[in-house]
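Next come the chains, spelled out residue by residue.
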Amino acid sequence: MEKKQNNGLRTVHPWQAQPQPITNIEREETYDIVVVGAGISGCVAAHSAAEAGAKVICVEKSNDITANGIDVGAIGTKLQKEAGIQLDKDLIARLLYQWGQSQVNYNLIRTYVDKSGEIFDYYCDLAKSKGLKVSLNSQNTARADWDTLEDRFKQFRTAHKFSDDERHYREDGKFVNANFVEMVRDAAKEHGVVFSFNTKAEQLIREKYGCYGDGENQNSGNGGRVTGVIVSDSSGYKILNATKGVILATGDIGGNKEMLECWSPICLRADRNAYAPKGFNTGDGIIMGMWIGAARSRCYPAPIIHAVNFLPLAAGMDTSWLTVNREGKRFCCEVAWEPMVTNARMNAPGNKAFAIFDSNYPEHAKKQEPIKFASVSASELHAKVEKAVQSGKIFKGETLEELAEAIGVPADNLRKTVAQYNKYCDSGFDPEFGVPSRFLCSVKDGPFYASLITSVQLAVPYGLHVDDNSQVCDEYDNPIPGLFAVGNVQGDFLANSYPVTVPGLNHGRCITFGRLVGQALAKS
Ligand SMILES: Cc1cc2nc3c(=O)[nH]c(=O)nc-3n(C[C@H](O)[C@H](O)[C@H](O)COP(=O)(O)OP(=O)(O)OC[C@H]3O[C@@H](n4cnc5c(N)ncnc54)[C@H](O)[C@@H]3O)c2cc1C
């Protein structure tokens, strides 16, 4: 992966070396604002800037917009108020900051917490005016009563979706959130935004800096304004001048193996990357930014790793079960799935772990999630689990020894682990990991079941160091004139782990900062 520089003395990553200047540029266009990337944050930024009167182009290296997932997290929306959901903004801000282990910028978090509701309401009204349904998503991610748990397990009912049914995908196979991003793209076009697909941003242009300036300020932190972007398309290179500024919205680093090796190696232990094969999330914004003197965030990336294929989850039982490693030993806090269980799985010996449950799983599921499973019958759950057993996706043993053999863990260890765990269940107190008693489900009555725990990488948010306004900064914390970052390439908002405290947080912050930055830059 490492490359030699021309002098052959040092080995460097692409983001550590200056690029070769691009000289064969024959075309030039001028806009007020250039947005790089047509994902959720780029589309919102472009729309908001154009709506505020700016002449905007949004360049996208793939042939279409990017839209993933379902949930959009927002706080204090009209929909929440109508449903009687009261959210404590101060508490949410404190918990998000705590998830970032004091490495993140509290002011960015506070802006999201304070502004996401009204910004969501604006798009909710726009959706309704276009006949699009918007609803609270309390079925899947924002569990109805997890805001009553102790702080480290709390989840608030922040998730909304631009649809009113339970499906994650539309008829055309696209995620439900495509309803939102397509709506914003269309609204942006109505305001005159030019979308240029199959157009890759290659390098930023900054006055008095590096390849395109006199270079004198390259290491001083004193470079000038970012005045545009050099892009490539099927006709070659062109300069897009940006009289007001450039907004980077290039997404996460999950598709860049070299970056993951350097900054988030645990991600390489995920079973798969949900974004592949699209794979356009290669951290281009970080590289282009660093080439003109921007600093990358001093936090570590915050991978979004879900247990997408975890079988009890697939069977509608996204609940907590005794989890053991390949030694048959308990090793993690089983609440909540992501990131707790998925992170621990990726760091477990052999990168393998199993969830273990007994034949009382229907009652246990109801104990864990009384609201969700109120109307689900035991026979319904039984049918799903047996189907998974038949297809070899769930392991079953009449005895614990049989189960241990089926999953290849030492039977002695499994027996001891289960005996110890059952004591915690009986007493309602888990001294090891502090799993709340409601989620402690004993493993006593055969047949016994095991399911492999999977870890699927959705996105690996990591970005450039920004100030409170999401303006990109240099190593000396000086904002770089004319350069902003939104979405996953906005650093300093998340660190180390993705907080599930606020379901839909990432889409929520993409929309919040996309809109705020787009509007502010247009008016600047
Ligand atoms: C399967 C899946 C499900 C998810 N579900 C949820 C969910 O329910 N809720 C939630 O909050 N989050 C969810 N996420 C995470 C969330 O979707 C992303 O974090 C979010 O889309 C990031 O938006 P973005 O605008 O920063 O980047 P992206 O949406 O990734 O868009 C970045 C765009 O920039 C383009 N680009 C990159 N480099 C260049 C370049 N050099 N030139 C031009 N264009 C470039 C890319 O092609 C891409 O289109 C999910 C993610 C996945 C993969």
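Residues numbered from 1 in each chain as written. Predicted model: local features only at pLDDT ≥ 70, side-chain atom pairs only at ≥ 80, totals over all residues.

K.L.:
Quick one: what's the story with the nonpolar core, residue by residue and with numbers?
P.N.:
By size, the foremost hydrophobic cluster in this structure holds 150 residues, and its most contacted members are Ile33, Val34, Val56, Val229 and Ile247. Summarising the domain contributions, this core has at least three residues from each of domain 1 (28-64 + 193-303 + 459-489 + 514-523) and domain 2 (308-454). Those residues within four positions of valine 56 in sequence are excluded, and the remaining contacts are Tyr31, Asp32, Ile33, Val35, Ala46, Ala49, Ala50 and Val193. (Core = buried A, V, L, I, M, F, W, Y, C linked by C-beta atoms within 7 Å. Buried ≥ 20, exposed ≤ 12 C-beta atoms within 10 Å, placed from the backbone. Domains from an automatic or database assignment. Contact = placed C-beta atoms within 7 Å.)

K.L.:
Got a sec to walk through the sheet that holds strand E14 (residues 322-325)? Specific residues and values, please.
P.N.:
In a beta sheet, neighbouring strands are held together by backbone hydrogen bonds and run either parallel or antiparallel to one another. The strand order E14-E15-E17-E16 describes an open sheet built from 4 strands, whose pairing is antiparallel. The sheet is open, and its two borders are formed by E14 and strand E16 (394-397), each paired with just one other strand. In this sheet, adjacent strand axes meet at a mean angle of 30° when their direction is disregarded. (Pairing = 2+ DSSP bridges. Helix = DSSP H or I, 4+ residues; strand = E, 2+ residues; numbered from the N terminus. Axes fitted to C-alpha atoms, helices over the stretch in contact; angles between N-to-C directions.)

K.L.:
Which residues make up the site of the ligand, and what values go with them?
P.N.:
Around the ligand, a shell composed of 37 residues is seen, among which Gly37, Gly39, Gly69, Gly251 and Gly487 lie nearest. Only helix H1 (40-51), strand E9 (200-206), strand E18 (456-459) and helix H14 (505-523) provide two or more residues apiece to the shell around the ligand. The biggest single contributor to the shell around the ligand is H14, with 4 residues. Per-class residue counts for the shell around the ligand are 15 nonpolar, 17 polar and 5 charged. (Near = placed C-beta within 6 Å. Nonpolar A, V, L, I, M, F, W, Y, C, P; charged D, E, K, R; others polar.)

K.L.:
Tell me what's going on with the domain arrangement of the chain, and back it up with residues and numbers.
P.N.:
Split by domain assignment, the chain resolves into domain 1 (28-64 + 193-303 + 459-489 + 514-523) and domain 2 (308-454). With 5 residues of domain 1 in contact, the opposing surface of domain 2 contributes 5 residues. When its residues are assigned to classes, the side of domain 1 that touches domain 2 shows 3 nonpolar, no polar and 2 charged.

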